Amino acid sequence: MPYIAGRLLKITLAIIAFVLLCALALALFLLSSNANFLKPKLEKALAERGVFTEILGDLNWSVYPVAGVKSGEIQLFPSAARVDTEKLASIDSFNLQLDLLALIRERELRINAVFVQHPKVDFHIGENGESNWQPVLDAFARDSDTNTDTNTDTDTDTDTDTEGGEPAKRAPAEPEKASDNSNASDTQIAIERIKISDFELSYTNAVNNSNIKLRQTDVQLDAVNLNGQPMQIALNSELTFAPYPPIRIGFESTITQTGAGAITFASTRLSAVATEEADARINGNIAVVTSPALKAEATIQLDELNPAAWLKWMEVALPEMSNSSALTKFAANANIQYRGDQLEVAVLSATLDKTKLDAKGTVSLQPELPPKLQLTLAVDQLNLDHYLPPVPQPDESTPTPPVNAAPESADHSPLNLDALNSISGVINLRAQKVTFLEQNLTNLDSDLTLKPGVTTVTVNKGSLYEGTLSGTAKLKHANTNNQLTSEFSMSGLDVGLALSSLGLYDQLKGTMNIQINGETQGGSAAALTEGFSAHLTAQSELMKFEAVNLEQVYCDAISKLDNSRTDKTWEPYTSISALTANIDYTSAGITINSLAARVQGIQTDAMGTFNPTTKNFVIPANLAFADFTAAQKSCPLLNAKWRSQRIPVICEGSLDTIGKDVCKLDFKRLSDKWEDKFKTETKKASDKVEERYKESREDAKDKVDERAKDLLENLVGEEKSKELGDKLEDGFKNLLKRKKSEK
C-alpha cells in the first residue's frame, strides 16, 4: 500500500507539473506573440455578417496581473467601401479586463472593467426617412433571423407510412427535465465597471429639421449584471439641441432588472445647468415594463427653478412685467403613469411664484391624431396683473399730446393659433381667486374645450363684484380671420363696488342684473380688440345715488320761492327703483339706447353717450313729476298742469366733477316742444276755422239751391225745372272735367 500511494502521488505531481508547464507555455505564447494577426480575421468575420469595420490600432492581450484584451482605434462603416465620409462610428481605444479565476472556479464570466475612450457616433435620418445606420441594423436583423431558423424545432418532420404511403407526423420528443443544479451550472455574467470617456453623438433628422449633439460625455456603470442585482449609472455631458445654446446635464440612478422586460430606476437624479441662474434638478423613481405592452410609472420631484432665466437662455424675449419677481419661481412634484397609449397624471402639485396648482387627468396619445386632454386644474390664487406690462406713469416733462392727435399704430401681426389646433379635449379650471386688471374673480369653475378650429371657454359659475357670473365665449380660429362671440350674465352685481374698483365712480350703490352679448373678428389681437362690440341689458330693483337727495333739492328750491322752510330730516341719497337699461359698447364709446327708472318717484326715461376714457357723458332725459309731487308732504306741490307734463332735462359733464348742477332744463328741447305744440294748436285752430267755413258755405249753397229751385218752378213748372236742373248739373260736371284736363 505505501508503494501504491507513493506511485499515485508521483503521478499526481507529474500531472500538476504538466498542467503548470502547459499554462506557463500558453502564457509565454500570449505574452510573446503578436495579436494583430487576428485583425483581418475579425474584420472578415464581421463583414460576412454585414458589419464592416476597420481596426487601425494594435491588438494586445495580457494574462497577468489580469487577463484582457486591448485595442487601438476601431471604425464602423455602412458598406465594404469604407468611405471615411460615411463613417458611422469610431473609438480611439478599447480595454477589456477579465477575472480568469472567477471563470475557472465559479463558472462566472466576471469582467473587472471595460474602458472605452472617445467613442464617436454619427446618426442621421435623410429626407426619405431612412437612417445611415440602416445597413447595420438590417445585418443584425438577418443574423437574428438566421439563428432563429437554425434553432427551429424539427418536431413537425414527417415519416412515410410503409403500408399506406401516407405521411405521418413524427411524435414530438419528450422535453428534458431540468436538473436541480441547473442554476449552479449556468455561467453568470458580471461587469464590475464600464467606463466610457469623452463620448460624442451627432444626430440629425432632415424630416423634422432636428439637430442634437452630445459632447464631452462621460458614462460610468458599476456592478453590471443580468441577475436582477442593482446597478449604478452616472452620466455627465454637454447637450446641444439646436437652435438653443449648449447645456450641461448630469444623470445618476440605480438600475435594477426586476423581470423579463421590466426595469426600475431608483434614486434617480437629473440635473441641467444652462447658466448661473438657469439650472434645474429632478429627483424620483421610474419603473418601466416593455413586455407584453409598454407601461411606465414615474414619481418625480422638480426642485425650484427660475422659468424666466430658462426662457432667456432659450432666447425667448419676455415682455416687461409689472412685478419684477414674476415668473422666477417654479417647483413641482408628480406621479405620472403611461399605459396603453394613455398618459395619466395621477398627482401633480406645483407652485408658480405665489400660486399653488393641483392637477390630475389623462392625455390620450393615439397615432396620427392630436393629443386629447381631460384635465382638472385647481388654483388657490392667481394674480395675472403681475405678468402684464406695467402701467405707464405720467411724465410731467413730456408735453401732453393734442386732443385730436392720431393714436399710436397698434400691432396687427397675425395671431398664430396653430397650437390650439394641435390638441383637443376639455380642461376644467377651478380657482379660489383670479385677479385681472385689479378686478377679483372668486370661486371660479370653468371649462376650456379644445377642438380643431374652435376653442370654447365656459364659465359654469363665479363671483364678480359680489354677484354671480356665468357665460360662454367661443373663438373660431382661421388663418386670417378669427371670430369671437361671447354671452355672459351677472346677477346680484354690486354696482358701487364695480364702479369704484374700475375707478369710475363711488357715489352709486345697489345691485343689478346684467346680460352682455359681445362679438368681434380679425386676424390680429389689435383687430379683435378694436373691432369688439357688445350689447348690454341691465335691470335693478333699487339703487341709491349718494351724491345728492333730489327731493331735498326740489323742496329747497320751492321753499326759497315760497319764502318758507321745512323741518324734515333728509336721507343722504336719492333712491332709484325699477331701473332698466339698453346699452351698446364699441371702441368709440358707450351709447345708451334707452334708460328708464323711477328717481325718488320721478319717472325718468333717457338716452345718451358716455366716453370711458374721458369719463364725459351727455344724457338727455325726460322727467314726469306726477308721483313725485303727490308723495311730498313737507313742501309745496307743483301745479297740476306741470305734474301732467314730461319736462326735458339734459345731464352732461364728467364723472370726476359730478354735482347738483349736473342736470339742467333742456331749453332747446323745451323750445322745440313748445314750438311743436304751438304748431299743433295753430293747426287745430286753423282746421276748426276751415271746418266752420266749409259748414257755412254748404249751408249757403243749400239755401241758394232751394231759392233757385223755387224760382224755376214758378217760371217753367215743376217738371221742367227738374229737367233743366239735371241738365245744368251735367253741364257743370263736364265743365269741371274740362278744367281739370286743361290743368
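Residues numbered from 1 in each chain as written. Predicted model: local features only at pLDDT ≥ 70, side-chain atom pairs only at ≥ 80, totals over all residues. Heavy atoms only, no water.

**Structural notes on the overall build of the protein chain**
Line of reasoning, step 1. Each helix and strand counted, the protein chain has 14 helices and 34 strands in total.
Line of reasoning, step 2. A separation of at least 24 residues holds for 46% of the contacts in the protein chain among residues at least 6 apart in sequence.
Line of reasoning, step 3. In the form shown here, the protein chain has an accessible surface area of approximately 49,100 Å², with 57% of it arising from carbon and sulfur atoms. (Helix = DSSP H or I, 4+ residues; strand = E, 2+ residues; numbered from the N terminus. Contact = heavy atoms within 4.5 Å. Areas by Shrake-Rupley, 256 points an atom, 1.4 Å probe, with all protein chains shown as cover.)

**So, a nonpolar patch on the surface**
Line of reasoning, step 1. Nonpolar side chains collect at one region of the surface, where Leu384, Phe436 and Leu437 lie side by side and expose about 270 Å² of accessible area between them.
Line of reasoning, step 2. In this fold, leucine 384 is placed in the loop between strand S21 (372-383) and helix H7 (418-421).
Line of reasoning, step 3. With relative accessibility at 31%, the residue leucine 384 sits in the partly exposed group. (Patch = residues over 30% accessible without salt bridge, like charges linked within 9 Å, V, L, I, M, F, W, Y side chains within 5 Å. Salt bridge = Lys/Arg side-chain N within 4 Å of Asp/Glu carboxyl O. Buried < 20%, exposed > 50% of the residue type's maximum accessible area, 1.4 Å probe, protein only.)

**As for the environment of tyrosine 338**
Line of reasoning, step 1. In this structure, tyrosine 338 sits in strand S18 (residues 330-339).
Line of reasoning, step 2. Setting aside residues no more than four positions away along its own chain, tyrosine 338 makes contact with Leu294, Lys295, Ala296, Leu343 and Leu365.
Line of reasoning, step 3. Among the polar contacts listed, one links the side chain of tyrosine 338 to the side chain of aspartate 341, at a separation of 3.3 Å. (Polar contact = N/O pair within 3.5 Å; in protein donor to acceptor, adjacent residues only side chain to side chain.)

**Describing the side chain of threonine 217**
Line of reasoning, step 1. Within the fold, threonine 217 resides in strand S12 (residues 210-225).
Line of reasoning, step 2. With residues up to four places along the chain from it excluded, the contact list for threonine 217 reads Ile196, Ser197, Asp198, Phe199, Leu235, Asn236 and Ser237.

**Some remarks on the confidence of the model for the protein chain**
Line of reasoning, step 1. Averaged over every residue, the pLDDT of the protein chain is 77; the share at 70 or more is 68%.
Line of reasoning, step 2. Taken together, the stretch residues 7-26 has pLDDT below 50 and engages in zero contacts with residues farther than four places along the chain or on a different chain.
Line of reasoning, step 3. Segment residues 154-186 is flagged for pLDDT under 50; beyond a separation of four residues in sequence, or across chains, it makes 21 contacts in the model. (pLDDT = per-residue confidence, 0-100.)

**Side note on the nonpolar core**
Line of reasoning, step 1. Counting 33 residues, the largest nonpolar core has Leu508, Met512, Met543, Ile576 and Leu579 as its most contacted members.
Line of reasoning, step 2. With four residues, strand S29 (residues 574-586) is the largest single contributor of residues to this core.
Line of reasoning, step 3. The contacts of isoleucine 576, once residues within four sequence positions are left out, are Leu508, Glu541, Leu542, Met543, Phe545, Ala597, Arg598 and Val599.
Line of reasoning, step 4. Membership of the second largest hydrophobic core comes to eleven residues, among which are Leu96, Ile191, Val224 and Met231. (Core = buried A, V, L, I, M, F, W, Y, C linked by side-chain atoms within 4.5 Å.)

**Section: the environment of alanine 190**
Line of reasoning, step 1. Note that alanine 190 resides in strand S11 (residues 188-205).
Line of reasoning, step 2. Note: C-alpha distance between alanine 190 and asparagine 112 (78 residues apart in sequence) is 8.3 Å.

**Topic: the packing of aromatic side chains**
Line of reasoning, step 1. Considering all chains together, one arrives at five aromatic pairs under this definition.
Line of reasoning, step 2. One aromatic cluster is present, formed by Phe241, Tyr244, Trp310 and Trp313 through successive ring pairs. (Phe/Tyr/Trp six-rings, centres within 6.5 Å; stacked < 30°, edge-to-face > 60°.)

**Examining the side chain of serine 237**
Line of reasoning, step 1. Among the secondary structure elements, serine 237 is positioned in strand S13 (residues 231-241).
Line of reasoning, step 2. Residue class for serine 237 comes out buried when judged on its relative accessible area of 1%.
Line of reasoning, step 3. Looking at serine 237, its side chain comes within polar contact range of the side chain of threonine 217, at 2.5 Å.
Line of reasoning, step 4. Among residues more than four places away in sequence, those in contact with serine 237 are Leu214, Arg215, Gln216, Thr217, Ile247, Arg248 and Ile249.

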